[in-house]
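These are the residues of each chain, in order.
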Amino acid sequence: MAVLKRLKSTSKYLGFLGCVLFGLRMSRIHLSVAPSAGQQITMGQLSRQRSRAAQSTPRDTNHYDIENCRGRVKNIYFLKTHKCASTTVATLLTRYAVQHSLTLALPSAGLKDKYHIGWPAPLNPRHVFKYKDGRKINIIALHTTYNRSAVNEIMPRHTLKIGIIRDPLTQFWSAFDFFHLGNLPNSKANVTILTYLQDPMKYARPLLRFHGNRYFKNFLLTEFGYPDHDVTDIETIRRFASDIFKQFDLIMTYENLYESVVLMRRLLCWDFKSILMTHFHKNKNFQQHLAGNEKLRELHKSWSSADYIFYEYLQSKFLDSIKEQDDDFVDEVEHLKNVVKNLELFCHKEERQKLGLKKYIVPKSKWNKKIVIRPADCHLYHIKIYDYHNMLIETYVEKY
């Protein structure tokens, strides 16, 4: 427990430590460390995949009843694609793993590469630490490049696969801002995204030295493991998208994140409290900036056209599945939005004190039992995936 003593003296971890002490029972945590607009499945597919998973998920997601859940899913591969709100989903999965003493996959490089497992190379079993006792990984939630055979080898049978996608232009725009792709090396001039897309290889080439072939062309297709360098054959790309659709149990979409999370909850048979957090989907609204700027999309689509084929195929599947949902699903999505909004208000210290709030109660509903949240509990909903992984990596390295 020496690592916990160190954390006590580190202010950045005080909130996290409070969360850990709030019932996470660190002594039971199992780790695995590695060495040095979206689609959603149809209800028919959900039913078949639940049978295949043999892990008692909801019997009928169109008419969801928490009493029908007889066993929560514990083996999950999440393809954490960049700039797709994937940190929100990965945080939910990681928190669930910690709370339920499940084995998380972590990078063997430790804090040197705490965000990735083998990425950008295709996932390989050698990227994942093998425990001496031979225990299997339960959840992979860090950045990987999808490799079906590797996932099947690393994970237990009946592992559910979840991915997330995003409109290719807004994904690229988010990456452009986040990774400062307009800041050219050895240059005082910064280029705008419009200038960049007018001659992308001119500006991308100097950055390859620093980023490798990342954050650029056909970003989604690459992270989903497209095996062919030829991205001009439309039918080949559509067949690949169809294969991905069949291989994954759920593909979420950034544009409908709340709907996606509710579908994930029902698929995994989680309780409602497990999908609550205070930093839901906080990225910029790029769609507002795109209004009346068709030139930007035209340029990006001509450069990264394969991503659009892939995305549009899966997004259409997602929208079809949403249309199949009943009023209960729609009501639960609105319920989640309202609870998250109130939770964010309550866990904002100044607002809470201004309103004199002592606790936040989510009344019992058809989707949840009564939930009581106190100020000390807010740490649990503030923490993000890398706060968990930093401490778990340090604990692992020290312990072993």
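For the structure itself, look to the data block above.
What comes next concerns the included structure. What you see is a predicted model; the values in this text were computed from it and never measured. (Residues numbered from 1 in each chain as written. Predicted model: local features only at pLDDT ≥ 70, side-chain atom pairs only at ≥ 80, totals over all residues. Heavy atoms only, no water.)

### Looking at the side chain of N75
This is how it is decided: What counts as a helix is a DSSP run of H or I of at least four residues, what counts as a strand is a run of E of at least two, and both are numbered from the N terminus. Polar contacts, as used here, are pairs of N or O atoms within 3.5 Å; protein pairs need one atom able to donate a hydrogen and one able to accept it. Residues neighboring in sequence count only if both atoms are side-chain atoms.
Tracing the sequence through the fold places N75 in the loop between helix 3 (43–53) and strand 2 (76–79). Within polar-contact distance, the side chain of N75 engages the side chain of N138 at 2.7 Å.

### Examining the pattern of salt bridges
Put simply, the rule is: Salt bridges are defined by distance alone: a side-chain nitrogen of Lys or Arg within 4 Å of a carboxyl oxygen of Asp or Glu. Only protein chains enter the calculation, and the probe is 1.4 Å; a residue is then buried if its accessible area is under 20% of its type maximum, exposed if over 50%, and partly exposed in between.
For the structure on display, the rule yields ten salt bridges. In this structure, R72 and D271 form a salt bridge, with 3.7 Å as the shortest nitrogen-oxygen distance. Of this pair, R72 sits in the loop between helix 3 and strand 2 while D271 is found in the loop between helix 11 (257–268) and helix 12 (286–290), placing the two residues 199 residues apart along the sequence. On the basis of relative accessible area, R72 is assigned to the partly exposed category, the value being 42%. One salt bridge in this structure joins E334 and K337, with 3.6 Å as the shortest N-O distance. Separated by three residues within a single helix, E334 and K337 lie in helix 15 (residues 327–346), roughly one turn from each other. Its relative accessible area of 30% is what places K337 among the partly exposed residues.

### Some thoughts on helix 15
Keep this limit in mind: Take the number of residues in a helix, subtract one, and multiply by 1.5 Å to get its expected span. As used here, the arc belongs to the directions running from the helix axis to the C-beta atoms. In this analysis, two residues are considered to be in contact whenever any of their non-hydrogen atoms come within 4.5 Å of each other.
Look at helix 15: 28 Å from first C-alpha to last across 20 residues, which is about the 28 Å you get at 1.5 Å a residue. Within helix 15, burial applies to D328, F329, E332, V333, H335, L336, V339, V340, L343 and F346. Here the buried residues of helix 15 occupy an arc of 160 degrees about the axis, which is enough to place them on one side. Turned more than 90 degrees away from the buried face of helix 15, the exposed residues are D327 and K341. Tucked into the core, helix 15 has its buried residues touching helix 11, helix 14 (305–323), helix 16 (349–355), strand 7 (360–362), strand 8 (371–373) and helix 17 (378–382). The N-cap of helix 15, judged by a side-chain oxygen 3.2 Å from the amide nitrogen of D328 a few residues on, is D326.

### Remarks on the state of the cysteines
Among covalent bonds in proteins, the disulfide is the one between the sulfur atoms of two cysteines. Going by this rule: Disulfides are defined as cysteine sulfur pairs within 2.5 Å.
According to the stated counting rule, one finds one disulfide in the structure shown. With a sulfur-sulfur separation of 2.1 Å, C347 is cross-linked through a disulfide to C378. Linking C347 and C378, the disulfide has an S-S dihedral of approximately -80 degrees and is accordingly described as left-handed. Taken together, the residues C347 in the loop between helix 15 and helix 16 and C378 in helix 17 connect sequence positions 31 residues apart.

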